[in-house]
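Chain by chain, the residues:
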Amino acid sequence: MNDIFIDLSLKRINDEELYSLENVLKEVKCAILLGMPGSGKTTLLQHFEKMNSANTEYFPIRDFGNISITLSPGIQYLLLDGLDEFRNTNADKISALTKIANQIQQIDRENLHIVISCREMDWFGDTDTNSLRRYLKTEATIFYVQPLNEEQKKSLADQLHLPTDFISSFHQSGFLDNPQLFTMLADLYRKDANIILKSKFELYQKFVELAKEQNKGNTLNGINNIETDEFFKDAGYIAFYYMFANASIDEALLGEISSKEKGYLQDRLEIVIKSALFSEGRFIHRTIAEYLCAHFLYHQKIQKEKWSIDRIKVLLAPQGIVFTELRGVYSWLCAFSQDKSLFEID
C-alpha cells in the first residue's frame, strides 16, 4: 500500500489551470495546500520528499512547531503537513500559525520554498495569509487539491489490482472522488464484491467492522475474541483521548486510561490498537478517529450514561461555536444523533 501513489491535481482559485506539486514548488516560494479530509495531502507531500530526499524535508507541523529545526545546506523545499492538527494543540488557534511562521523565519534560508497543508475548513483565510506575509515577507499562494478525475481513478484502481468493473459499479456512490474513501471502499469490495453502501456513514461503519476482523490478536488467539460492539466501544474510547488530549497511542497511554470499573481493560485495548485502524501509534487517518470518537460519545455517553445534549454542547462548542479541530467529530455526532439543536449550532 505504501507504494500506491496518484499525482494529484492542484488548482488556484479563479484559475482553471491544473498544477502538480512539482510545478507549484518551482513557481511560488510559499504555497498553502488546502483539501478536504482524505483528499491525499499527506501522501502527496510524503511522496515528493521520498522522490526528492536530497533537497527536501517533510515535517508534520505538530512536530515542527515544538522542536528546534536545523536544515542541512542542500535543502530547498520544506513541506509542513497538517496545520489543522497543530491548532489542536494550541489554545490560541491564530497564534499557532504565527508560531510556525516565526519558526520558519528562524531558519533564515533565502531560497527555501515552503508548502503548508491544511484542511480547507480549518484555514482562516486572510487572517492566516496576513500572518505569513508579516513574518515571511512573502505572499502565500493558495492551491486546492482537486477530486480524482477519471484517469486518476483508473490508475488508482489498477494499482489496487481491482477489476475493471469496480469504477463503473460505484460510479454514482460519491466515494471515488476522494482517495481515502476510494481505498476504504476497495478494502470492503475485496471482501464482498456485491457490497451495497448507501452513505459515507455506512462506509465507515463497515470499514471499522472489517478492521476488527483483520485484527491479528482477534483472529489468532480465541481467548482474546472481541465482540463487534466491544471493539467499537474500545476503539471509540481510544479515539476520544486521541482527539481531545492529542495523545500518542501506546501502551503507556493505555495503562493510564484503562479502567476495570468502567469496562476498559488494558489487555483488550492493546488488542484493539493492533488492528488495521492504527499505524505507528496513530489512527491511520484522522477521519477514522473522528468517526469513532463521535460513535463513542453517542452510544456510550448519550445513550448509555445519559449525558444530556447540553453537556455535549459544552464539551464541543462551549460558547456556541464548535472548536475548529473538532468539527469532524461534531459532524459525525450530528449524523448519529439527528438532534436538531446540534444542527442549529453548526
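Let me sum up the structure you'll find in this document. Computed from a predicted structure; not experimentally measured.

1. Considerations on the overall build of the chain
So, point 1. Along its length, the chain carries 18 helices and nine strands.
So, point 2. Relative to a compact globule of 346 residues, whose C-alpha radius of gyration would be 20 Å, the chain shows 21 Å and is just as compact.
So, point 3. Long-range pairs, those at least 24 residues apart, make up 65% of the contacts in the chain between residues at least 6 apart in sequence.
So, point 4. Looking at charge distribution, the chain has the averaged site of its 38 positive side-chain charges lying 4 Å from that of its 49 negative ones.

2. With respect to the pairing of strand β5 (residues 77-81)
So, point 1. Counting buried positions along β5 gives five out of five residues, so the element sits mostly inside the fold.
So, point 2. In this structure, strand β4 (residues 56-60) lies alongside β5, joined through five bridges in parallel fashion. Among the inter-strand pairings, Phe59 is bridged to a residue of β5, identified as Leu80.
So, point 3. Relative to strand β6 (residues 113-119), β5 runs parallel, the two being bridged by four bridges.

3. Brief notes about the pattern of salt bridges
So, point 1. Overall, the coordinates contain 18 salt bridges when judged by the stated rule.
So, point 2. Across the pair Glu290 and Arg119 runs a salt bridge, and its minimum N-O distance is 2.8 Å. With Glu290 in helix α15 (residues 286-304) and Arg119 in strand β6, the pair connects residues that are 171 residues apart, well separated along the chain. You'll find Glu290 and Arg119 in the same group, each marked buried.
So, point 3. Taking the shortest distance from any N to any O, the salt bridge between Glu230 and Arg268 comes out at 3.1 Å. Residue Glu230 is located in helix α12 (residues 228-244), and its partner Arg268 is located in helix α14 (residues 266-272); the two are separated by 38 residues in the primary sequence.

4. Some words on the packing of α12 against α15
So, point 1. Packing of α12 against α15 brings their axes to within 7 Å, and their N-to-C directions diverge by 110 degrees. Comparing the axis directions of α12 and α15 gives the class roughly perpendicular. For the element pair α12 and α15, the recorded crossing hand is left-handed. From α12, Phe232, Lys233, Ala235, Gly236, Tyr237, Ala239, Phe240, Tyr242, Met243 and Phe244 reach across to α15, where they touch Arg286, Ala289, Glu290, Tyr291, Leu292, Cys293, His295, Phe296, Leu297, Gln300 and Lys304.
So, point 2. Residues of the contact of α12 with α15, tallied by class, amount to 14 nonpolar, three polar and four charged.

5. Remarks on the environment of Thr42
So, point 1. Residue placement: Thr42 occurs in helix α2 (residues 41-51).
So, point 2. For the pair Thr42 and Ile61, spaced 19 residues apart in sequence, the C-alpha to C-alpha distance is 11 Å.
So, point 3. Beyond its immediate sequence surroundings of up to four residues, Thr42 is in contact with Tyr58 and Asp81.

6. A short note on the packing of aromatic side chains
So, point 1. One pass over the full model with this rule turns up 24 aromatic pairs.
So, point 2. The aromatic ring of Tyr264 is capped on one face by Lys233, whose charged end is 4.7 Å from the ring centroid.

7. Focus on the side chain of Ser117
So, point 1. Considering the arrangement of structural elements, one finds Ser117 in strand β6.
So, point 2. Owing to a relative accessible area of 1%, Ser117 belongs among the buried residues under this scheme.
So, point 3. Discounting chain neighbours no more than four positions away, the residues touching Ser117 are Leu33, Lys41, Leu45, Ile61, Leu80, Asp81, Gly82, Leu83 and Asp84.

8. Looking at unusual backbone geometry
So, point 1. Unusually for a residue other than glycine, Lys137 sits at a positive phi of about 60 degrees.
So, point 2. On the secondary structure map, Lys137 appears in the loop between α6 (126-136) and β7 (141-145).
So, point 3. The phi torsion at Gln338 lies on the positive side, around 55 degrees, for a residue other than glycine.
So, point 4. Assignment of secondary structure puts Gln338 in the loop between α17 (327-337) and α18 (340-345).

9. A closer look at the nonpolar core
So, point 1. One finds Phe166, Leu277, Phe283 and Leu292 to be the most contacted residues of the largest nonpolar core, which totals 93 residues.
So, point 2. Looking at this core, the element that brings in the most residues is α15, giving 10 residues.
So, point 3. Contacts of Phe283, omitting those with residues within four sequence positions, involve Ala235, Ile238, Ala239, Tyr242, Ile249, Leu277, Phe278, Ile288, Ala289 and Leu292.

What counts, and at which threshold
Residues numbered from 1 in each chain as written. Predicted model: local features only at pLDDT ≥ 70, side-chain atom pairs only at ≥ 80, totals over all residues. Heavy atoms only, no water. Helix = DSSP H or I, 4+ residues; strand = E, 2+ residues; numbered from the N terminus. Rg over C-alpha atoms; globule rule 2.2 N^0.38 Å. Contact = heavy atoms within 4.5 Å. Lys, Arg positive; Asp, Glu negative; His and termini not counted. Charge placed at Lys NZ, Arg CZ, Asp CG, Glu CD. Buried < 20%, exposed > 50% of the residue type's maximum accessible area, 1.4 Å probe, protein only. Pairing = 2+ DSSP bridges. Salt bridge = Lys/Arg side-chain N within 4 Å of Asp/Glu carboxyl O. Axes fitted to C-alpha atoms, helices over the stretch in contact; angles between N-to-C directions. Parallel < 35°, antiparallel > 145°, perpendicular 65-115°, else oblique. Left-handed = near helix turned anticlockwise from the far one by under 90°. Nonpolar A, V, L, I, M, F, W, Y, C, P; charged D, E, K, R; others polar. Phe/Tyr/Trp six-rings, centres within 6.5 Å; stacked < 30°, edge-to-face > 60°. Lys NZ or Arg CZ within 6 Å of the ring centre and 35° of its normal. Core = buried A, V, L, I, M, F, W, Y, C linked by side-chain atoms within 4.5 Å.

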